[in-house]
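Structural overview for review
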Amino acid sequence: MSFLNPVGPVIDLGVNIDHVATLRNARGTVYPDPIRAALLAEQAGADCITLHLREDRRHIKDADVLALAPQLATRMNLEAAVTQEMIDFACRVKPADVCLVPEKRTEVTTEGGLDVVRYHKEVEAAVKQLQAEGIRVSLFIDADEAQIAAAAAVGAPVIELHTGAYADAEGAAQIAELERVKAGVRWGVQHGLKVNAGHGLHYTNVQAIAAIPDIAELNIGHAIVAHSIFAGWENAVREMKAIMVATRLGAK
Ligand SMILES: CC(=O)[C@@H](O)[C@H](O)COP(=O)(O)O
Ligand SMILES: NCC(=O)COP(=O)(O)O
């Protein structure tokens, strides 16, 4: 729940502004401005602003993060890879939240969750360094019992379940992926974690995820940016938030 949205907490929406920057960078212009998009998104109901500083800087740039940090009325959720460069940068910016994500340089988009089981030591060190600066750490992971247990073991208080497989699937396969997400939420809650979710969610697949009562926040970007071309930016944010809240209240 944010200062601008005192009616919560029902379910929070983190608006991801990465692809506003993608469009800007496509022509090397200064527009559309991701900072303006973030501030307008807050006015339209976003509970936080999510942005992913990729190692290849394909969309968000360091200057975007630095410019946005002091202007937000809600909070920043900075997504970053587990590299020393990214962790040091995040510690300088001190966003409210840092979400640690896996990154492959050649991927079109984030393909899977962070492997916390395999990279236990590295993730634990990153969590410690960020937490020493007062930053809340979230781990972007698959809805897998071992990964969720590892997230709790490294001391992260928050997980974000990767909903990409759910979003990409259809029919029976999608129902199976939804069940996987639901199980992940249960395991997260059992470990005392705040459970968020995101990736690939859009206006007609978000409902089943928003209806899961223990999910605290959904991070959504690409679909909102895409819909804003037809609906306008603030309307696109408002519509998504309204769907999420109506679904959650209806599911209660
Ligand atoms: C981690 C995540 O799901 C988002 O940050 C997403 O990765 C952003 O879009 P791209 O994957 O296209 O950079
Ligand atoms: N962490 C997921 C996110 O921020 C948004 O992903 P998408 O909606 O752009 O796929």
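The name given to the protein chain in an unreviewed UniProt entry is Pyridoxine 5'-phosphate synthase, and the organism recorded there is Pseudoduganella violacea. UniProt, in its Function (unreviewed entry) section for the protein chain, records the words "Catalyzes the complicated ring closure reaction between the two acyclic compounds 1-deoxy-D-xylulose-5-phosphate (DXP) and 3-amino-2-oxopropyl phosphate (1-amino-acetone-3-phosphate or AAP) to form pyridoxine 5'-phosphate (PNP) and inorganic phosphate."

As a further point, take the site of ligand 2. Around ligand 2, a shell composed of Asn16, Thr50, Glu79, Phe140, Glu160, Gly198, His199, Gly200, Asn219, Ile220, Gly221 and His222 is seen. In the environment of ligand 2, an oxygen atom lies 2.8 Å from a nitrogen or oxygen atom belonging to the backbone of Gly200. Between ligand 2 and the protein, one listed contact pairs an oxygen atom with a backbone N or O atom of His222 at 2.9 Å. In the complex, 92% of the free accessible area of ligand 2, which totals 310 Å², lies under the protein chains. When each cavity is represented as a set of grid points, ligand 2 is found to reside in the largest pocket.

Turning to the environment of Trp187, a few remarks are in order. When you line up the elements, Trp187 lands in helix α8 (residues 171–190). According to the relative accessible area criterion, Trp187 is partly exposed, its value standing at 22%. If near-sequence neighbours (up to four positions away) are discounted, Trp187 is found in contact with Ala143, Asp144, Glu145 and Ile148.

Here we take up the pattern of salt bridges. Taken as a whole, this structure holds 16 salt bridges when the rule is applied. A salt bridge links Arg75 to Asp12; its shortest N-O distance comes to 3.8 Å. Taken together, the residues span a long stretch of sequence, with Arg75 in the loop between α3 (62–68) and β3 (76–81) and Asp12 in strand β1 (residues 12–16) at a distance of 63 residues. The exposure class of Asp12 is buried, given its relative accessible area of 9%. Linking Asp47 and Lys241 is a salt bridge whose minimum nitrogen-to-oxygen distance equals 3.0 Å.

What follows covers the side chain of Thr74. Inspection of the secondary structure puts Thr74 in the loop between α3 and β3. A distance of 2.5 Å separates polar atoms of two side chains, one belonging to Thr74 and the other to Glu42.

Further remarks concern the sheet that holds strand β4 (residues 97–101). Within the closed barrel, the 8 strands sit side by side as β1-β2-β3-β4-β5-β6-β7-β8. Their pairing is parallel. Neighbouring strand axes in the sheet, compared pairwise and without regard to direction, differ in orientation by 25° on average. Note: β1 against strand β8 (residues 215–220), 4 bridges, orientation parallel. Across the sheet, residue Leu13 finds its bridge partner in β8, namely Leu218. Helix α6 (residues 145–153) rests against β5 (136–141) and β6 (158–162) of the sheet, and its axis sits at about 165° to β5.

Moving on, we get to helix α10 (residues 222–231). Ala223, Ile224, Val225 and Ser228 are the residues of α10 that are buried. Positive phi shows up at Gly232, right after α10, with a value of about 90°.

Our focus in this paragraph is the site of ligand 1. In the vicinity of ligand 1 there are 13 residues, among which His59, Glu79, Thr109, Thr110 and His199 approach most closely. The contact in question runs from an oxygen atom of ligand 1 to an N or O atom on the side chain of His52, over 2.9 Å. One of the side-chain N or O atoms of Thr109 is found 2.6 Å from an oxygen atom in ligand 1. When the free accessible area of ligand 1 is taken as 340 Å², the share hidden by the protein chains comes to 92%. Because more than half of its atoms lie within 2 Å of the grid, ligand 1 is assigned to the largest pocket. Of the residues in the shell around ligand 1, the class split is 3 nonpolar, 7 polar and 3 charged.

Attention shifts here to the pairing of β6. In terms of residue burial, β6 counts as a mostly covered element, since 5 of its 5 residues are buried. Burial along β6 is two-sided: Val158, Glu160 and His162 and Ile159 and Leu161, pointing in opposite directions, are all buried. With 4 bridges joining them, β5 and β6 adopt parallel strand pairing. Opposite Ser138, over in β6, you have Val158 as the bridge partner. A crossover connection joins β5 to the parallel β6 through α6; in handedness this β-α-β unit is right-handed. Both β6 and strand β7 (residues 194–198) contribute to a ladder of 5 bridges, which runs parallel. Paired with Leu161 across the bridge in β7 is Ala197.

Reading the values: rules and limits
Residues numbered from 1 in each chain as written. Chains lettered and ligands numbered in written order. Predicted model: local features only at pLDDT ≥ 70, side-chain atom pairs only at ≥ 80, totals over all residues. Heavy atoms only, no water. UniProt positions renumbered as here; feature names shortened; annotations may be inferred. Near = heavy atom within 4 Å. Polar contact = N/O pair within 3.5 Å; in protein donor to acceptor, adjacent residues only side chain to side chain. Areas by Shrake-Rupley, 256 points an atom, 1.4 Å probe, with all protein chains shown as cover. 1 Å grid on protein atoms, 1.4 Å probe; cavity = no way out; pocket = protein on both sides within 12 Å on 5 of 7 lines; lining within 4 Å. Sits in = over half its atoms within 2 Å of the grid points. Helix = DSSP H or I, 4+ residues; strand = E, 2+ residues; numbered from the N terminus. Buried < 20%, exposed > 50% of the residue type's maximum accessible area, 1.4 Å probe, protein only. Contact = heavy atoms within 4.5 Å. Salt bridge = Lys/Arg side-chain N within 4 Å of Asp/Glu carboxyl O. Pairing = 2+ DSSP bridges. Axes fitted to C-alpha atoms, helices over the stretch in contact; angles between N-to-C directions. Nonpolar A, V, L, I, M, F, W, Y, C, P; charged D, E, K, R; others polar. Right-handed = clockwise from strand over helix to strand, strands pointing away.

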